[in-house]
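Coordinate analysis (summary)
These are the residues of each chain, in order.
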Amino acid sequence: MGILDFKDDESLGKIIAVDTATVTVRVDELERLKRIQVNRLTAIRSSKAGQHLIGIVSRITRKAGNETTINEAEEDPEATLPENNLVRLALIGTLVDKEGLKRNVFKRTLETVPEIDADCFSLEGQRLTDFMQVISQVSGDGPQLDLGRYALDEEARALLNGNRLFQRHAVVVGSTGSGKSYTTARLLDQIAELPQANVILFDIHGEYQTLDGDEFRHLRVAGPGDIGQDRGLTDGVLHLPFWLLGYEALVSLFVDRSDQNAPNQAMLMTRCITDAKRAMLNPELHADILANFTIDSPVPFNIDNVYAELARLNQEMVQGARGDKQGPYFDKLSRLIARFEAKRNDRRLGFIFQPPNSCMVMGWLSQVTDLLIGGRGSQIDGKGGIKIINFSEVPSDILPLMVSLIARLIFTISQWTLPENRHPIALFCDEAHLYIPERASSESADEISVGIFERIAKEGRKYGVGLVVISQRPSEVNRTVLSQCNNVIAMRLTNGDDQSVIKRLLPDSLGGFGDLLPVLDIGEALVVGDASLLPTRVIVSAPRFKPNSATVDFWDRWRDAEPVTGTEDAVLSWRRQSNH
């Protein structure tokens, strides 16, 4: 016997209207109407024996009379129904008593359509607990990721399908202080338990440095204090040398698009860099590379030679009919050279233009990609399947360029890896609105970054690259990227624009769920999508290691007897441009 063994006299009411995935129930007894609540679960007897359709209450109506205006009828079809007490349900799936050898199987499909006058029952008490246990025990076709407990029944675990969560991308959103970082740390906790875990987290503010253990590997983009210290990957310091940059990134760094000579500058810079890369390759050893060579080929080159060649062209004199005359590019590259020199000497950009010698050899790229793309089991020390990259010392004006550089590196390597050798990897994009913005100015670093992440969102699944977009301002995140995220984990959102964006990501039948966003508690999430069997509220469980993003208790700190100050150290760090 199934868990939903309802008797006829327990019926909440009968179906009087059916519209695709929504139904309307007439409730005859006022006391039963009072007990039902919005967002609670109901069960409807199916026309197939041994099946119940599961629905969520989206609206409850009690009318005082039967008079209805024309305008009311147009706005709400239910207004024309003669019954006084109505409950609207959004259908979400089917509970089958027995399927093969399995009992009590829940499916996210509607195998039948509700019949008019079919009985509807409210899921309460022990039946609700039993149903939530069924939801928790369903293994589906992927690993179980334990996010927390269902708000409907805190005894039942809220499990997500790990395959579908990352195959079809996910978005984690929430206002400041709602528990967004807390939820991210919980997801990483669950992934960390897997022996071949493979994740890269873009840690923009350094708040995930508290995550500790063999499962985690912490890297930080080199700051000014690391320049000239010969620190590398073994020290947890990551350089992103200039020769990794693609054509668009190089142009955005060095060429001022407003300059009337910008086309010539871009063309000459391309030619000089291409020549410098060719000069580093041995025609005998690298014939296969030279045969298909482009400016985007990741080959180290001598940037001093590029600067010298540009300077020569800028001052070049050529033979004319009456003696020497100015060359075709005389004094047309001055602004390019000035920007080139300023960028090279800026210590904030030392991780790009002043890398250690170890980063300037062909073999370095294989080392860094092995570290970043390899799962925990393939790491030399067997540690660090979850790579947390700290970008806190990267200047904000080039942050989009640097984050997207790593994303492009991951995606490109995955593309060129044979399918049988690909190991899937998930990119956790914390504070995504900073480098995947909705409004990216043309020909800027933002536009380059958006283009890369849009491509990953559209094509990453085919190459084993998943995205988890994390932001406190979803309205400022690129719409194309968000539209590709088929899983939503939404914490409390108070801004109307942000709520609207998330509501548009929800299925039409669950549109009312979006109204819960401003009233969710801290640490409570609305979970909807392919990875979740049941679209509902979830109380997120505490992670092992809490991120360093806890809200400061102003009043309590102001009441402390002992003062706390660190301004002297802060000033020193500011001057050194490093906390290390």
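One structure accompanies this document, and this report is about it. The residue numbering used here restarts from 1 in each chain and proceeds along that chain's sequence as written. For a predicted model such as this one, the threshold for reporting local features is a pLDDT of at least 70, and the threshold for listing and counting side-chain atom pairs is 80 or more; totals across whole chains, interfaces and linings nevertheless cover every residue. Note that water and hydrogens are dropped before the side-chain values are worked out from all heavy atoms of the structure.

Before going further, it helps to spend a moment on the overall build of the chain. Secondary structure counts use DSSP, requiring at least four H or I residues in a row for a helix and at least two E residues in a row for a strand, with both numbered from the N terminus. The helix and strand tally for the chain stands at 18 helices and 21 strands. Sorting the 580 residues of the chain into buried and exposed places 51% on the buried side. Per-residue and other accessible areas follow the Shrake-Rupley method at a 1.4 Å probe size, with only the shown protein chains counted as cover for residues. When the accessible surface of the chain is summed, it comes to about 27,900 Å², and 47% of that surface belongs to carbon and sulfur atoms. His is not counted, nor are the chain ends; Lys and Arg add positive charge and Asp and Glu add negative charge. Charge positions are represented by NZ for Lys, CZ for Arg, CG for Asp and CD for Glu. Taking the 64 positively charged and 79 negatively charged side chains of the chain as two groups, their mean positions are separated by 2 Å. Exposure classes here rest on a 1.4 Å probe applied to the protein chains alone. A residue is buried below 20% of its type maximum, exposed above 50%, and partly exposed in between.

By convention in these notes, a salt bridge is any Lys or Arg side-chain nitrogen within 4 Å of a carboxyl oxygen on Asp or Glu. Applying the stated criterion to the full structure yields 34 salt bridges. Across the pair K34 and E31 runs a salt bridge, and its minimum N-O distance is 3.7 Å. Here K34 and its partner E31 are both found in helix α1 (residues 30–35), three residues apart, which amounts to about one turn of the helix. Judged by its relative accessible area of 57%, K34 is exposed. The shortest N-O distance in the salt bridge between E309 and R312 comes to 2.7 Å. Note that E309 and R312 are positioned in helix α9 (residues 303–315) at a spacing of three residues, about one turn of the helix. Since its relative accessible area comes to 40%, R312 is described here as partly exposed. In the salt-bridge network here, residues are joined through shared partners; they are D8, K14, R45 and D119.

Moving on to helix α12 (residues 363–373). Listed in full, the buried residues belonging to α12 are W364, L365, V368, T369, L371, L372 and I373. It only takes one pair of heavy atoms within 4.5 Å for two residues to be counted as in contact. Contacts made by the buried residues of α12 are with β11 (199–203), β12 (216–221), β13 (237–238), β16 (386–390), α13 (399–416) and β17 (425–429).

When the terminal C-alpha atoms of α9 are compared, their 19 Å separation across 13 residues agrees well with the 18 Å that a helix rising 1.5 Å per residue should span. Contact partners of the buried residues in α9: α7 (262–279), α10 (334–345) and α11 (350–353). With a side-chain oxygen lying 2.9 Å from the backbone nitrogen of D304, the N-terminal cap of α9 falls on N302. Given a helix with a known number of residues, its expected span is that number minus one, times 1.5 Å. Think of a polar contact as two N or O atoms within 3.5 Å of one another; within protein, one of them needs to be a possible hydrogen donor and the other a possible acceptor, and neighboring residues in sequence only count if both atoms come from side chains.

A few words on the packing of aromatic side chains. Given two aromatic rings, their pairing is described by the distance between the two centres and the angle made by the two planes. Only Phe, Tyr and Trp rings take part, Trp by its six-membered ring, and two of them pair if their centres are within 6.5 Å. Stacked means planes under 30 degrees apart, edge-to-face means over 60, and tilted covers everything else. A complete count under the given rule lists 16 aromatic pairs for this structure. Seen from their ring centres, F106 and F131 are 5.5 Å apart, and the 90° between their planes marks the pair as edge-to-face. Taken as a pair, F106 in strand β6 (residues 102–107) and F131 in helix α3 (residues 125–137) lie far apart in primary sequence, 25 residues in all. There is no split in this pair, since F106 and F131 are both buried. Geometrically, the ring pair formed by F166 and F428 is tilted, given 6.2 Å between the ring centres and 45° between the ring planes. Linking F166 in helix α4 (residues 162–167) with F428 in strand β17, this pair joins segments that are 262 residues apart in sequence. For the pair shown, F166 and F428 are each scored as buried. By definition, being over a ring means that NZ of Lys or CZ of Arg is both within 6 Å of the ring centre and within 35 degrees of the ring normal. Seen from the ring of Y307, R344 lies directly overhead, with NZ or CZ sitting 5.1 Å from the centre.

It is worth spelling out the side chain of R217 at this point. Topologically, R217 is positioned in strand β12. Within polar-contact distance, the side chain of R217 engages the backbone oxygen of K383 at 2.8 Å. Residues in contact with R217, not counting those within four places in the same chain, are L371, Q379, D381, K383, G384, I386, K387 and I388.

The next thing to look at is the sheet that holds β11. Within a beta sheet, neighbouring strands are joined by backbone hydrogen bonds and run either parallel or antiparallel to one another. Read across the open sheet, the 12 strands follow the order β9-β8-β21-β20-β19-β10-β18-β17-β11-β16-β12-β13; overall the sheet is mixed. Of all the strands in the sheet, just β9 (157–161) and β13 have a single pairing partner and so form its edges. Here strand β10 (residues 170–173) pairs with strand β18 (residues 465–471) via four bridges, running parallel. The partner of A170 across the bridge, within β18, is V468. Axes, fitted as lines to C-alpha atoms, cover a helix only where it is in contact. Angles between the N-to-C directions of the axes lie from 0 to 180 degrees. Its contacts with the sheet place helix α5 (residues 180–192) against β8 (144–150), β10, β11, β12, β16, β17, β18, β19 (487–490) and β21 (536–540), and it is angled at close to 140° to β8. Only when DSSP finds a minimum of two bridges between them are two strands counted as paired.

A regular strand places its side chains so that they alternate between the two faces of the sheet. Extensive coverage of β11 is indicated by the burial of five of its five residues. Neither face of β11 is exposed, since V199, L201 and D203 on one face and I200 and F202 on the opposite face are all buried. Sheet analysis places β11 next to β16, joined by five bridges and oriented parallel. Note on β16: the bridge partner recorded for L201 is I388. As judged from the four bridges shared by β11 and β17, these two strands associate in the parallel manner. Each bridged residue has a counterpart across the sheet, and for I200 the counterpart in β17 is L427.

This part is about the pairing of strand β1 (residues 13–19). Across two bridges, the pairing between β1 and strand β7 (residues 119–122) is antiparallel. Across the sheet, residue G13 finds its bridge partner in β7, namely C120. Between β1 and the antiparallel strand that follows it, strand β2 (residues 22–26), lie two residues; T20 among them carries a positive phi value of about 55°.

Another point: the nonpolar core. Grouped together as the largest cluster of nonpolar side chains are 151 residues, with contacts concentrated most on L41, F131, F202, F391, M402 and F428. With 10 residues, α13 is the largest single contributor of residues to this core. Ignoring anything within four residues of it in the chain, the contact list for F428 reads F166, T184, L187, L188, I191, V199, I200, L201, F202, V468 and I470. Within the second largest apolar cluster, 15 residues are counted, among which are V23, V87, A118 and C120. Among the buried residues, those of types Ala, Val, Leu, Ile, Met, Phe, Trp, Tyr and Cys that are joined through side-chain atoms within 4.5 Å form a nonpolar core.

Shape is all these values report; function is a separate question.
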